[in-house]
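Structural characterization, general
Next come the chains, spelled out residue by residue.
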Amino acid sequence: MSGFGLVLGGGGARGLAHIGVWHVLEQAGLRPQVLAGTSMGGLVAAFIAAGVGAGELRRVSETVSWRRLLDWRPGTGLLRASAFEAWLADHLPPTFEELGTPLAVTATDLLTGRQVYLSGGNLYAALRATIAYPGAIDPVPQGDMLLADGGILNQVPVDAALFLGVRKVVAVDVTVPGPLELQGRRPWRSGGHLGTVQALRRAVDIMQAQLTDARLSLYRPDVLLRPELAGVDLQSFRRGGQAIQAGEAAALAELPRLHALVP
């Protein structure tokens, strides 16, 4: 297959940087032949595959009602599945086959520990699965599998784009953790403190970054974009504008190489 594949990595609110990357590609007339993504990257990739422009995608990200989609009651999964699927139905078709561009998203089968590619059938269930962050969003039963966040095993699924048939890949990695600033910017020996949840998140960030580096050494993209996202963590949706601008800057810096991918 000629053209290139666009791979968008997971990272919660950091994944909003993908909108900025898409804006630059769209303005340059560089449209991917296939798309692949994990978690937030899979969600953004689905919108692009459905033909949604960067401007509209930014508007959607800024107007989504998280209060309607999230359930904060103790003992419940954070995501309201019915509300999430109703929101998806306002913007996306129900199946992969109805998308304008081939798409694959990844998930992890918690029962077998294996990676799963989802590229056909129920799009809404697949997107619920790829964003099902352990401990926050309930996993999704599918057949004899129990599917959770694809980023557990494959945060930037270059191999999924190759599986769809392209030979050239542009990948966007938003998992790289910056230096951790403690409250008040105090050095650790002067009394800085990590809470239990923050320490766990930091550990997961570090593990995912190391695993991503290892996988990217096996499946090397032709162009790898790593937006500068200092101060934007998994839940920093209020900093969406900062993340989008970081994605734009990263893509603009590599625009000559991006143009070189397409004869």
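Anything mentioned here points back to the structure above.
Our subject in this report is the structure included herewith. The structure presented is a predicted model; accordingly, all values stated were derived computationally and were not measured.

Glancing now at the packing of aromatic side chains. Counted by the stated rule, this structure contains three aromatic pairs. Each ring, one from phenylalanine 47 and one from tryptophan 87, has its centre 5.8 Å from the other, and the planes form 45°; the classification is tilted. You can see phenylalanine 47 sitting in helix α2 (residues 40–49) and its partner tryptophan 87 sitting in helix α5 (residues 81–89), a full 40 residues away along the chain. Residues phenylalanine 47 and tryptophan 87 agree in their burial class; the two are buried. Centroid distance tyrosine 117 to phenylalanine 163: 5.5 Å. Interplanar angle 10°. Geometry classified as stacked. Of this pair, tyrosine 117 sits in strand β4 (residues 114–118) while phenylalanine 163 sits in helix α7 (residues 158–163), and the two are 46 residues apart along the sequence. For tyrosine 117, a relative accessible area of 33% puts it in the partly exposed group. Put simply, the rings of Phe47, Phe84 and Trp87 touch in pairs and so form one group of aromatic residues.

Relative to the assigned elements, aspartate 173 resides in the loop between β7 (168–172) and α8 (196–218). A polar atom in the side chain of aspartate 173 sits 2.6 Å from the side chain of threonine 175. Those residues in contact with aspartate 173 that sit more than four places away from it in its chain are Val156, Thr212, Leu216, Leu224, Leu225, Arg226 and Pro227.

Taking every second residue as pointing to the same face, both faces of strand β2 (residues 34–37) are buried, with Val34 and Ala36 on one and Leu35 and Gly37 on the other. Pairing of strand β1 (residues 4–8) with β2, which is carried by four bridges, proceeds in the parallel orientation. The residue bridging valine 7 from the neighbouring strand is alanine 36, located in β2. Of the crossover connections in this fold, the one passing from β1 over helix α1 (residues 17–27) to the parallel β2 is right-handed. As paired strands, β2 and strand β3 (residues 103–109) are joined by three bridges and run parallel to one another. Bridging from a neighbouring strand, glycine 37 pairs with valine 105 of β3.

All right, on to the pairing of strand β6 (residues 145–149) then. In this structure, β3 lies alongside β6, joined through three bridges in antiparallel fashion. Looking at the pairing, aspartate 109 lines up with leucine 147 of β6. Looking at chain direction, strand β5 (residues 140–142) and β6 are connected through three bridges and run antiparallel. Each residue of the ladder has a partner; that of valine 140, found in β6, is leucine 147. Taking the residues between adjacent antiparallel strands as the criterion, β5 and β6 are bridged by two residues, where glycine 143 takes a positive phi near 60°.

The next subject is α1. The buried fraction of α1 amounts to eight of the 11 residues, a majority that puts the element mostly inside the structure. Where α1 is concerned, the buried positions are Ala17, His18, Ile19, Gly20, Val21, Trp22, Val24 and Leu25. Residue glycine 29 follows α1 closely and has a positive phi angle near 75°.

A separate point is the pattern of salt bridges. Under the definition given, this model contains seven salt bridges. When the shortest N-O distance is used, the salt bridge between arginine 59 and glutamate 56 registers 2.7 Å. Here glutamate 56 and arginine 59 lie together in helix α3 (residues 54–63), a separation of three residues that amounts to about one turn. According to the relative accessible area criterion, arginine 59 is partly exposed, its value standing at 39%. A residue is classified by how much of its surface remains accessible, and glutamate 56, at 36% relative accessible area, is partly exposed. One salt bridge connects arginine 128 with glutamate 85, and the closest N-O pair in it is separated by 3.2 Å. Here arginine 128 is found in helix α6 (residues 123–130), whereas its partner glutamate 85 is found in helix α5, with 43 residues between them in sequence.

Let us look at the side chain of aspartate 149. Summarising the element assignment, aspartate 149 is placed in strand β6. Despite its burial, aspartate 149 remains without a salt bridge, the nearest opposite charge being carried by arginine 14 at 10 Å.

What counts, and where the lines are drawn
Residues numbered from 1 in each chain as written. Predicted model: local features only at pLDDT ≥ 70, side-chain atom pairs only at ≥ 80, totals over all residues. Heavy atoms only, no water. Phe/Tyr/Trp six-rings, centres within 6.5 Å; stacked < 30°, edge-to-face > 60°. Helix = DSSP H or I, 4+ residues; strand = E, 2+ residues; numbered from the N terminus. Buried < 20%, exposed > 50% of the residue type's maximum accessible area, 1.4 Å probe, protein only. Polar contact = N/O pair within 3.5 Å; in protein donor to acceptor, adjacent residues only side chain to side chain. Contact = heavy atoms within 4.5 Å. Pairing = 2+ DSSP bridges. Right-handed = clockwise from strand over helix to strand, strands pointing away. Salt bridge = Lys/Arg side-chain N within 4 Å of Asp/Glu carboxyl O. Lys, Arg positive; Asp, Glu negative; His and termini not counted.

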